[in-house]
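Listed below, chain by chain, are the residues.
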Amino acid sequence: PARAALDPAMIAALGTRQIAGLTSTQFGTLAPAQIGALGTTAVDALTATALSGMTATGLSAMSTTQIAVLDPSQIAAISTEAIAGGGATLLTALTDTQFAALTSRQIGGLTGSEIEALPASRVAALTTTQVRGLTATGLSAFSADQFAALGTRQVAALSTGAVSGLTATAIKGLAATQIEALST
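Residues numbered from 1 in each chain as written. Predicted model: local features only at pLDDT ≥ 70, side-chain atom pairs only at ≥ 80, totals over all residues. Heavy atoms only, no water.

J.: So what about the overall build of the protein? Which residues, and what values?
T.: The number of helices and strands found in the protein is 22 helices and 0 strands. In terms of overall dimensions, the protein has a C-alpha envelope of 60 × 25 × 20 Å along the principal axes. Summed over all atoms, the accessible surface of the protein reaches about 8,600 Å², with 58% contributed by carbon and sulfur. Each charge class in the protein can be summarised by its mean position, and for the 7 positive and 9 negative side chains these summaries are 7 Å apart. (Helix = DSSP H or I, 4+ residues; strand = E, 2+ residues; numbered from the N terminus. Areas by Shrake-Rupley, 256 points an atom, 1.4 Å probe, with all protein chains shown as cover. Lys, Arg positive; Asp, Glu negative; His and termini not counted. Charge placed at Lys NZ, Arg CZ, Asp CG, Glu CD.)

The following block contains the structure:
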């Protein structure tokens, strides 16, 4: 496509109206260097529609400065695959507001190593909707500190499928209130 012929400097020179007009397919065909060349004003102008075409490679090409300007609706529009492909580096770069915007599907798509990298404070901040997205694989990656950070409302929100991922060690580490929440 013609977009591939545009060097990063040309992409950086596009106006916000042009950036806002990108479709998901058009945005998805941009090379990592082209995405990395976008200024923060251009990133802010990206629509949820365009960002739904984001690839993991494209997201990995974004700087922390670019990621910082993404608003919650933009974060929620990025595909599960791209979020999971962004790795622990992406999850660390997200602000608390951006992290709160992750959908249950995006949380469910995180790999075991990404889950392991979440600090207990981020686990404690998971909404009950986000917790419902956790899979057995994701929950099996939780550390004792991460389990301890889960409140009873979060534990009660865990799906039966996710709970099947609890190891005997994890169950032993649960507080009495958390165990009670599992049965409600």
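J.: Quick one: what's the story with the pattern of salt bridges, residue by residue and with numbers?
T.: Tallied over the full model, the rule gives 1 salt bridge. Ionic pairing is found between Arg-122 and Asp-96, a salt bridge with its closest N-O pair at 3.3 Å. With Arg-122 in helix 15 (residues 120-125) and Asp-96 in helix 12 (residues 96-101), the pair connects residues that are 26 residues apart, well separated along the chain. Take Arg-122: its relative accessible area is 11%, and that puts it in the buried class. (Salt bridge = Lys/Arg side-chain N within 4 Å of Asp/Glu carboxyl O. Buried < 20%, exposed > 50% of the residue type's maximum accessible area, 1.4 Å probe, protein only.)

J.: Residues and numbers for helix 11 (residues 80-93), please.
T.: Between its first and last C-alpha, helix 11 extends only 17 Å over 14 residues, short of the 20 Å set by a 1.5 Å rise per residue. The largest bend along helix 11 measures about 100 degrees and falls at Gly-87. Burial in helix 11 covers these residues: Thr-80, Ala-82, Ile-83, Ala-84, Gly-86, Gly-87, Leu-90 and Leu-91. Buried residues in helix 11 make contact with helix 8 (56-61), helix 9 (64-68), helix 12, helix 13 (104-108), helix 14 (112-117) and helix 15. (Expected span 1.5 Å × (residues − 1). Bend = angle between axes of the 7 residues up to and from the residue. Contact = heavy atoms within 4.5 Å.)

J.: Can you explain the environment of Leu-110? Please cite residues and give values.
T.: With respect to the helices and strands, the residue Leu-110 is situated in the loop between helix 13 and helix 14. Judged by relative accessible area, Leu-110 falls into the buried class, the value being 6%. Sequence-wise, Leu-110 and Leu-174 are 64 residues apart; in three dimensions their C-alpha atoms are separated by 23 Å. For Leu-110, the residues in contact, after removing those within four places along its chain, are Ile-83, Ala-84, Leu-91 and Ile-115.

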